[in-house]
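Commentary on secondary and tertiary structure
For reference, the chains in residue letters:
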Amino acid sequence: MTSSPFKHEGWLYGLAFLIAAAFRFIALGASPLTDSEATLALQALDLARGESPLLAPQPAYILFSAALFAVTESTAFLARFLPALAGSALVFAPYYFREKIRPRPALILACLIAFDPGLVALSRQANGTILAATFLLFAWAMWNHKRLVPAGIFAALALLSGPSLWAGILTLAITSIFLRGAKPSANNQPPLADSEIENLKSSIENHKSKIVNQDSPIYQLPITNYQLLAPFLATLLLCGTLFFLAPNGLSAAFAAIPAYLSGWVTQTVTTPGRVLLAFFAYEPLGIFLAALAVFRAVRTNGKRAKRLALWFGVALLLAVFYRQPGELVWAIMPLLVVAAFELARAFEIQRAELAETGIVSGALSILLVYTWFNISGFALDPSNALPVTLPFIGEVQNARTLALAGSLLIVLVCIALVALGWSARIARLGATFTFAAFLSVYACAAAWGASGLRDPNGFELWISDARAAQADLLLASVDELSEFSLGHSQSQPVTIAGIVSPALEWTLRNHAVETVDALDPQLTPPILITALMNDPGLPAAYRGQDFTWRVQPQWEIVQPQDWLKWFVFRELPAENETIILWARADLFPDARKDAQP
């Protein structure tokens, strides 16, 4: 089925791209890289400097970032540039599926992708997760449009993107198996009429003639199709080796399969419960709209919504038990597709219904804002429980809890009264628009928070690494010490003893950094960074300053009321890792002055 495009469709997709780029590029390099991000960025930096490091199984990110670092300087912004660009370009993927999902739902899907909190968070991480999702979806789109050359190119780039690709392929494969198994068998079908048999025979003959026709390469198998295979192999060879500058990029690409399989047994700090919490906390808009669509599909036997719900369920289960929040990207995509269908259906409103729907939406909006203020007040100080005495109820220990429950009950009662006394359709449309608008505002706020811009000290659930707290202050201190002693801010070498932190090495990347397991008592490095200790125990005199390096939540002591506070303010009980920056005493001008005869 084909659908004609509507007016200004291209401009609207461009607007969605600008919105997506704003969420993904604003202050992209403001927050320091985490250890997992810095591990890949350091490998790209080593390649840019002409070294030959052992590459992690994400060669697309590493090799392309190395090219950026070679052209310009290495910064946190450039380290996250490629994922942000790929995440922004993802809004154009629905355009190539609009023949299947129709133009209006496709455009709504592009807008949902633009500010989805999970996709924004993954697009601002220096790894290949969002690259795998974007390249795989574009390869799928090009294949559907019989554009085999770009399909082969995108398929090769997806293969180079890392282990997350195989999570997506496994999700699609399992979904396909379930869908094939759910099809009714031929034995249960009623016999065909004579006219239906003749039509079936003619369609089979036409299909055979197309397969035999050598001028139709699309009907060949993918592995024997030259138009697909040639660009796939060329892209894999050239991009996988960075035009033969890094031959081990190909081996890193094929190492993604065992890397993904090993992730099922590797111990991680993230639990399935926290992965599931991340999904429900960041995707309430998609969950609300998809729940309405699935409920309708159950009543009307909607096959498309059921297929997408199956895809979503498989992806969510795999991501939860894999214990990596990044793999939720494969569950977010079908969720947003179903949400786009439901939202497009809600916009099919008649002109005579606008006034009634607007009145219902306005009233419900006021109630929802009041409800959110109650939630925020309760999260701000959950221990402030004031007992009150109410008629017919008696004494209530926490008035805020009662107010919150009462406000939610009033919302439900209002919807029920409108449905019974006015119109069920008006109640449904008003509730859908109100909750969709309210949850859209929440999604924008969550996306802004997931980017790290709303609260630099807040905790987000999309990265399991500890957050670097005072990286900029530490680097400024090291640069000043180098400036005082040698006249240049990046001249002094730095020794890191007993600290395993790629993020620390990335922060000091412009200095000559040496990492050792233990200090040599015979050496006196000019600048030394150690764990918390009173004295480095070296022959020379040192001056030290402590810094808070890594901050991570104390998951074992988090209480239910703490989760409510996190939901509103992104605050959790935290533990800090302190490190000491030691500088040899003769680096300071006053020490050199006192040492003069």
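Residues numbered from 1 in each chain as written. Predicted model: local features only at pLDDT ≥ 70, side-chain atom pairs only at ≥ 80, totals over all residues. Heavy atoms only, no water.

On to the pairing of strand E8 (residues 574-584), then. Bridging between strand E6 (residues 527-531) and E8 involves 5 bridges; their strand directions are antiparallel. Paired with isoleucine 529 across the two strands is leucine 581, which belongs to E8. Strand direction decides the pairing type here: strand E7 (residues 542-553) and E8, joined by 11 bridges, are antiparallel. Residue pairing for E8: aspartate 546 is matched across the bridge by isoleucine 580. (Pairing = 2+ DSSP bridges. Helix = DSSP H or I, 4+ residues; strand = E, 2+ residues; numbered from the N terminus.)

Glancing now at empty space enclosed by the protein. Under the counting rule described, the total for this entry stands at 2 cavities of 30 Å³ or more. Reported here for the largest cavity is a volume of approximately 50 Å³. Looking at the largest cavity, the residues that line it are Leu112, Phe115, Asp116, Pro117, Tyr282, Glu283, Pro284, Leu285, Gly286, Leu336 and Ala443. Going through the elements one at a time, helix H7 (103-115) and helix H17 (284-300) are the ones with two or more residues in the lining of the largest cavity. With 3 residues, the single largest contributor to the lining of the largest cavity is H17. Taken together, the residues of the lining of the largest cavity sort by class into 8 nonpolar, 1 polar and 2 charged. Lining the second largest cavity are Ala167, Thr171, Tyr260, Ala315, Leu318, Ala319, Tyr322, Glu327 and Trp330. Of all the secondary structure elements, the ones that give two or more residues to the lining of the second largest cavity are helix H11 (164-182) and helix H18 (303-322). For the lining of the second largest cavity, the element with the highest residue contribution is H18, accounting for 4 residues. For the lining of the second largest cavity, the per-class residue count stands at 7 nonpolar, 1 polar and 1 charged. (1 Å grid on protein atoms, 1.4 Å probe; cavity = no way out; pocket = protein on both sides within 12 Å on 5 of 7 lines; lining within 4 Å. Points joined across faces, edges and corners; volume = space filled by probe spheres on them. Nonpolar A, V, L, I, M, F, W, Y, C, P; charged D, E, K, R; others polar.)

At a minimum axis separation of 9 Å, helix H5 (residues 81-89) and helix H9 (residues 129-144) run at an interaxial angle of 35°. Here the hand of the crossing between H5 and H9 comes out left-handed. In this structure, H5 contributes Leu82, Pro83, Ala86, Gly87 and Ala89 to the contact, and H9 contributes Ile130, Leu131, Thr134 and Phe138. Class assignment for the residues of the contact of H5 with H9 results in 7 nonpolar, 2 polar and no charged. (Axes fitted to C-alpha atoms, helices over the stretch in contact; angles between N-to-C directions. Left-handed = near helix turned anticlockwise from the far one by under 90°. Contact = heavy atoms within 4.5 Å.)

Right, let's get into a nonpolar patch on the surface. Nonpolar side chains collect at one region of the surface, where Leu12, Leu15, Leu18 and Ile19 lie side by side and expose about 340 Å² of accessible area between them. By the secondary structure assignment, leucine 18 is in helix H1 (residues 9-25). (Patch = residues over 30% accessible without salt bridge, like charges linked within 9 Å, V, L, I, M, F, W, Y side chains within 5 Å. Areas by Shrake-Rupley, 256 points an atom, 1.4 Å probe, with all protein chains shown as cover. Salt bridge = Lys/Arg side-chain N within 4 Å of Asp/Glu carboxyl O.)

Quick look at H7 now. For H7, spanning 13 residues, the distance from its first C-alpha to its last is 19 Å, which sits close to the expected 18 Å at 1.5 Å a residue. Within H7, 11 of the 13 residues are buried, leaving the element largely enclosed by the surrounding structure. Looking at the buried residues of H7, the elements they touch are H1, helix H6 (98-101), helix H8 (117-123), H17, helix H19 (329-346) and helix H22 (424-450). (Expected span 1.5 Å × (residues − 1). Buried < 20%, exposed > 50% of the residue type's maximum accessible area, 1.4 Å probe, protein only.)

Scope: geometric values only; no functional claims are made or implied.
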